[in-house]
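Tertiary structure, described
One letter stands for each residue in the lines below.
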There are 2 protein chains.
Amino acid sequence: MSTESVESRGGRIRLVVSYDGADFHGFARQKGLRTVQGVLEDTLSNLLGTFIEVHGSGRTDKGVHARAQVVHFDLPYGPPADRIVHVLSRRLPNDIIPISASQVDSTFHARFSVVRKTYRYHIFRGNLPDVFKYRFSWHVPEALDIAAMRRAGAHLVGEHDFTSFCAAAAPQEDKVRTIYELRIEESGEDLYLYCAGSGFLQYMVRIITGTLVDVGLGGMSAERLPDILAAKSREAAGRTAPAHGLCLWNVEYPIVYGGRVLDL
Amino acid sequence: MSTESVESRGGRIRLVVSYDGADFHGFARQKGLRTVQGVLEDTLSNLLGTFIEVHGSGRTDKGVHARAQVVHFDLPYGPPADRIVHVLSRRLPNDIIPISASQVDSTFHARFSVVRKTYRYHIFRGNLPDVFKYRFSWHVPEALDIAAMRRAGAHLVGEHDFTSFCAAAAPQEDKVRTIYELRIEESGEDLYLYCAGSGFLQYMVRIITGTLVDVGLGGMSAERLPDILAAKSREAAGRTAPAHGLCLWNVEYPIVYGGRVLDL
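Just so you know, these numbers come straight off a predicted model, no measurement behind them.

Our next topic: the UniProt feature "active site" (unreviewed entry) in chain A. Residue and element names in this part refer to chain A. In the numbering used here, UniProt assigns the feature "active site" (unreviewed entry) to Asp 61. Its location among the elements puts Asp 61 in the loop between strand S2 (55-56) and strand S3 (65-75). When residues no more than four places from it in sequence are discounted, the contact partners of Asp 61 are Gly 26, Gln 202, Tyr 203 and Arg 206.

Structure (structure tokens):
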């Protein structure tokens, strides 16, 4: 048992966590598999002595990382919000790091209150593979036409039916989503694709990235993107980029929520 | 079996490899444990159908990484040197990456021919831990007096008996080594300690780093370093920095060896 005093606070907690997704079977709890939600729930439940359910802003797939995933959970009692990062950081494994915690109104919901999510996809362009980047990036040593990739990406910004850019088996009925921004940044041998939107379908950022890489490699014209959207078929788009290059970068909520100002 | 043609070349091969040491029990082969030497030997032996012994420039401890470890081995026959990187890169796991291979004279020895080795120790100074740096750096969020660390390090440059800076159980009789250079570079929240020398004793770079951090934190005076060297006792020095921040950065050999110019 913990030696830390358990105070009778409780209430809804909003927690921001980073994780290295390589050794997780994704975010969502799955029986018998190591998942981020599972580890968070086990850790909190062991701490409190009662089952604590954790709600994430959304799932991330097996192997996908998070710089700032947001979750919420309700505590019947327990440490105050300003102690939670300290308490959890001593109990969580090294591949999940709690960043910040705050007490929120019970109307706050990590998934339903989201107003904007940003993913970052990291492509490593070095001639040789780099063992220190392998875990967090996709190695594409061939020459990429970045200007063509940017032209292709511009066709995806806005509200569209993204059926062509999601797993054929994606569970959601409604495939209409809004991409607010799709930005490609170059930094030496690293290429970062930032994709911000209202929400994302399964594999959506990875299929967008894979299709843009197909364009960059010259295998597909940037001007075909409107037709690919219109086809509403996964077969129309390009390849799916590997999971390990993807990172949930940021999840945004209304700045003021239930009378409280939310911080990252 | 491989579909690649096996040519009757053979001879001594010098191979440079990078590895992410996190999931290895160090470099040196150990029965029943995953080691870098073990994986290289198994991969080459499976490829050639006969046991191939791999000789490294030196061991690295459990958890220590390598940007450019150098090994040599003798092939009875097999792919020419300029095909070896390609052949191995398809067979090695993702945490060992072959960088370059060349045919060398049989007088070349990965360990005995070394003229200079450089290690790099990475300290991450961010206020919060960073899950993406955890695997490759030591997180030291407290303020460090870098100038004091540099003064302390200067006392170690040159030829000294490094008994105080190696594992008490280190097997070598002779503890005299030469440090050619000890350089601390700052880059934002990252601090890199480069240590180049004729050779290193067990834990030597980690104890040097740990001691310099003790100095940086104010727990030890930089001017005590000559006394620590003179004490010839592990107890005199500071803590041992963790393995995962350490990386074998470079191994140098005579530029011309056996009539051949060696490349990295």
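Next, the rest of the story.
Moving on, we come to the relation of the copies chain A and chain B. Superposition of chain A onto chain B requires a rotation of 180° combined with a translation of 0.0 Å along the rotation axis, giving an RMSD of 0.0 Å. The relationship between the two copies is best expressed as a two-fold rotation axis. A symmetric contact is evident, with 100% of the interface residues of chain A recurring at the interface of chain B.

As a further point, take the UniProt feature "binding site: substrate" (unreviewed entry) in chain A. Residues and elements named next belong to chain A. Mapped onto this structure's residue numbering, the UniProt feature "binding site: substrate" (unreviewed entry) falls at Tyr 119. In this fold, Tyr 119 is placed in strand S5 (residues 116-124). In this structure Tyr 119 touches Arg 59, Thr 60, Leu 193, Tyr 194, Cys 195, Phe 200, Val 205, Leu 246, Cys 247, Leu 248 and Trp 249, once residues within four positions along its chain are discounted.

What follows deals with the interface of chain A and chain B. Taken together, the contact pairs 20 residues of chain A with 20 residues of chain B. Interface area, chain A with chain B, both sides summed: about 1600 Å², of which 76% is carbon and sulfur. Applying the counting rule to chain A against chain B returns 0 salt bridges. Our enumeration of links across chain A and chain B arrives at 2 residue pairs in polar contact (both at pLDDT 80 or more). Looking at the side of chain A that touches chain B residue by residue, the class counts come to 12 nonpolar, 3 polar and 5 charged.

Time to look at the domain arrangement of chain A. All names here are of chain A. For chain A, the assigned domains read domain 1 (11-113) and domain 2 (116-249). On a C-alpha basis, the centres of domain 1 and domain 2 stand 27 Å from each other. On the side of domain 2, 13 residues touch domain 1, which itself brings 16 residues to the contact. Both sides of the domain 1 and domain 2 interface together cover about 1100 Å² of buried area, and 51% of this is carbon and sulfur. Of all residues in domain 1, Asp 61, His 65 and Arg 67 bury the most surface against domain 2, accounting for 46% of the area lost on that side. Our count for the domain 1 to domain 2 interface comes out at 3 salt bridges. Linking Asp 20 and Arg 135 is a salt bridge whose minimum nitrogen-to-oxygen distance equals 2.8 Å. Linking domain 1 to domain 2 there are 10 residue pairs in polar contact (both at pLDDT 80 or more).

Right, let's get into the pattern of salt bridges. Residues and elements named next belong to chain A. The tally for this structure, following the rule as stated, stands at 28 salt bridges over all chains. Here Arg 151 ties to Glu 223 by a salt bridge, and the two come within 3.2 Å at their closest N and O atoms. Of this pair, Arg 151 sits in helix H3 (residues 146-154) while Glu 223 sits in the loop between helix H4 (204-216) and helix H5 (225-231), and the two are 72 residues apart along the sequence. Residue classification places Arg 151 among the partly exposed positions, given a relative accessible area of 43%. For Glu 223, a relative accessible area of 47% gives the class partly exposed.

Another point: the state of the cysteines. Taken as a whole, this structure holds 0 disulfides over all chains when the rule is applied. Between A:Cys166, a cysteine without a disulfide, and A:Cys195, which holds the nearest cysteine sulfur, the sulfur-to-sulfur distance is 14 Å.

Here we take up H3(A). Residues and elements named next belong to chain A. Along H3, the residues that are buried comprise Ile 146, Ala 148, Met 149, Ala 152 and Gly 153. Angularly, the buried residues of H3 cover 160° about the axis, an arc narrow enough to put them on a single face. For H3, the elements touching its buried residues are strand S8 (176-187), strand S9 (190-197), H4 and H5. The N-capping residue of H3, defined by a side-chain oxygen 3.2 Å from the backbone nitrogen of Ala 147, is Asp 145.

Residues and elements named next belong to chain A. For the pair H3 and H4, interaxial distance at closest approach is 8 Å and the crossing angle is 140°. Classed by the angle they form, the pair H3 and H4 counts as oblique. The two elements H3 and H4 meet at a crossing, and its hand is right-handed. Every residue of H4 that contacts H3 at Ala 148, Met 149, Ala 152 and Gly 153 is listed here: Leu 212, Val 213, Val 215 and Gly 216. Grouping the constituent residues of the contact of H3 with H4 by class yields 6 nonpolar, 2 polar and no charged.

Distance in space between the C-alpha atoms of B:Arg151 and B:Arg14 is 38 Å, their sequence separation being 137 residues. Other than its neighbours up to four places away in sequence, B:Arg151 contacts B:Ala222 and B:Glu223.

Definitions and cut-offs
- Residues numbered from 1 in each chain as written.
- Chains lettered and ligands numbered in written order.
- Predicted model: local features only at pLDDT ≥ 70, side-chain atom pairs only at ≥ 80, totals over all residues.
- Heavy atoms only, no water.
- UniProt positions renumbered as here; feature names shortened; annotations may be inferred.
- Helix = DSSP H or I, 4+ residues; strand = E, 2+ residues; numbered from the N terminus.
- Contact = heavy atoms within 4.5 Å.
- Least-squares fit on C-alpha atoms with pLDDT ≥ 70 in both.
- Buried area = accessible area lost by both parts, 1.4 Å probe.
- Salt bridge = Lys/Arg side-chain N within 4 Å of Asp/Glu carboxyl O.
- Polar contact = N/O pair within 3.5 Å; in protein donor to acceptor, adjacent residues only side chain to side chain.
- Nonpolar A, V, L, I, M, F, W, Y, C, P; charged D, E, K, R; others polar.
- Domains from an automatic or database assignment.
- Buried < 20%, exposed > 50% of the residue type's maximum accessible area, 1.4 Å probe, protein only.
- Disulfide = S-S within 2.5 Å.
- Arc of directions from axis to C-beta.
- Axes fitted to C-alpha atoms, helices over the stretch in contact; angles between N-to-C directions.
- Parallel < 35°, antiparallel > 145°, perpendicular 65-115°, else oblique.
- Left-handed = near helix turned anticlockwise from the far one by under 90°.

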